[in-house]
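What follows is the residue order along each chain.
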Amino acid sequence: MQIITDPAEMQAIAENFRLQRQRIGVVMTMGALHDGHLSLVRLAQKKAGIVIMTIFVNPTQFGPGEDFERYPRPFEQDAALARSAGVDYLFAPAPEQMYPEGYSTSIDPGPMANRFEGSFRPGHFSGVATVVIKLLNITRPHLAVFGEKDAQQLSVIRRVVRDLNIGTIIEGAPISRENDGLATSSRNIYLSADEREHATVLYHAIQHAQQETEKGRRDLGAIAGEAESIIDSVPGTKRDYLCFVDEDTFETAETAIPEKAYRFIMAVRVGSTRLIDNWRYVCGGGNDEC
Ligand code: PAF
């Protein structure tokens, strides 16, 4: 595995692979790699001959008071994990290489970026969209794999890539979970032992929604209300949001329409750690009587 820090060098390497008709897949990360990231690598390897991983803790997607400074950066450990996972190139630029003096461009992904995560983290999705487009331009991939855990991020990226005619295939990879259902996340390390136990309530809320929709219920607003009570029954939790949304627009959905895809999304604070999780639901998608 080669480690590249210079955007121009990475771009030249990628361009060369394209000339050789090699298929490139990219997995973008902010480091602190865990099993979830490695499952994205495995998916990229199935679909592409050359896999590039990017590690960049992107300052423009963190708001004031968020964890940019304390975000974990175990680079040596990450590089070893990426190498043993069979990544071909690790692109890890410094902030000043991505945003040199005088840098002034940003992408506005439109209304979807202001809902839910976007309303709690103003400017977050503009920062994500901008860095993702920059990293796509630098790594020139045929496909890019993103985790479904960040469902709104995935929908925003799909929207921006479609709207700007980028031409890269965006693949969503299933959420990787611990044995008790907690979605794997670099932020799980912030949880104390008690909080770690309480955090499983997010998955219990998802299981409730799965069970109720499997019965053929379409009243998504009411199911979400019941799931809110499940979260609220656990001490030390505080909901930022929890509801079903239309997967394309991230507008709240109250009643399911056959064949449509929804996300059951939530952000919950457990102690001082903010966790997000979601479940994709297609009305009539095989496991319900919608
Ligand atoms: O999901 C992440 O880790 C980041 O938001 C991403 C896509 C790497 C952009 O910085």
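Nothing here was measured: the structure is a model prediction, and the numbers come from that model.

Chemist: Teacher, can you tell me more about the layout of surface pockets here?
Modeler: Over the atoms rolls a probe the size of a water molecule, and in doing so it shows where empty space is left. Here the second largest pocket is characterised by a volume of approximately 200 Å³. The wall of the second largest pocket is formed by 15 residues, among which I55, F56, V57, R73 and P93 lie closest to the centre. Its residues placed into classes, the lining of the second largest pocket shows 12 nonpolar, 1 polar and 2 charged.

Chemist: Can you walk me through the packing of aromatic side chains in this structure?
Modeler: Each aromatic ring pair is characterised by the separation of its centres together with the angle its planes make. This model, assessed by the stated rule, comprises 11 aromatic pairs. Aromatic pair F120 and Y241: ring centres 6.0 Å apart, planes at 40 degrees, arrangement tilted. In this pair, F120 is assigned in helix α5 (residues 117-120) and Y241 in strand β7 (residues 237-246), connecting sequence segments 121 residues apart. Judged by relative accessible area, Y241 falls into the buried class, the value being 10%. Look at W279 and Y281: their rings are 5.5 Å apart centre to centre, the planes differ by 25 degrees, and that puts the pair in the stacked class. Overall, W279 belongs to the buried group, its relative accessible area being 12%. Classification of Y281 as buried rests on a relative accessible area of 1%.

Definitions and limits used
- Residues numbered from 1 in each chain as written.
- Predicted model: local features only at pLDDT ≥ 70, side-chain atom pairs only at ≥ 80, totals over all residues.
- Heavy atoms only, no water.
- 1 Å grid on protein atoms, 1.4 Å probe; cavity = no way out; pocket = protein on both sides within 12 Å on 5 of 7 lines; lining within 4 Å.
- Points joined across faces, edges and corners; volume = space filled by probe spheres on them.
- Nonpolar A, V, L, I, M, F, W, Y, C, P; charged D, E, K, R; others polar.
- Phe/Tyr/Trp six-rings, centres within 6.5 Å; stacked < 30°, edge-to-face > 60°.
- Helix = DSSP H or I, 4+ residues; strand = E, 2+ residues; numbered from the N terminus.
- Buried < 20%, exposed > 50% of the residue type's maximum accessible area, 1.4 Å probe, protein only.

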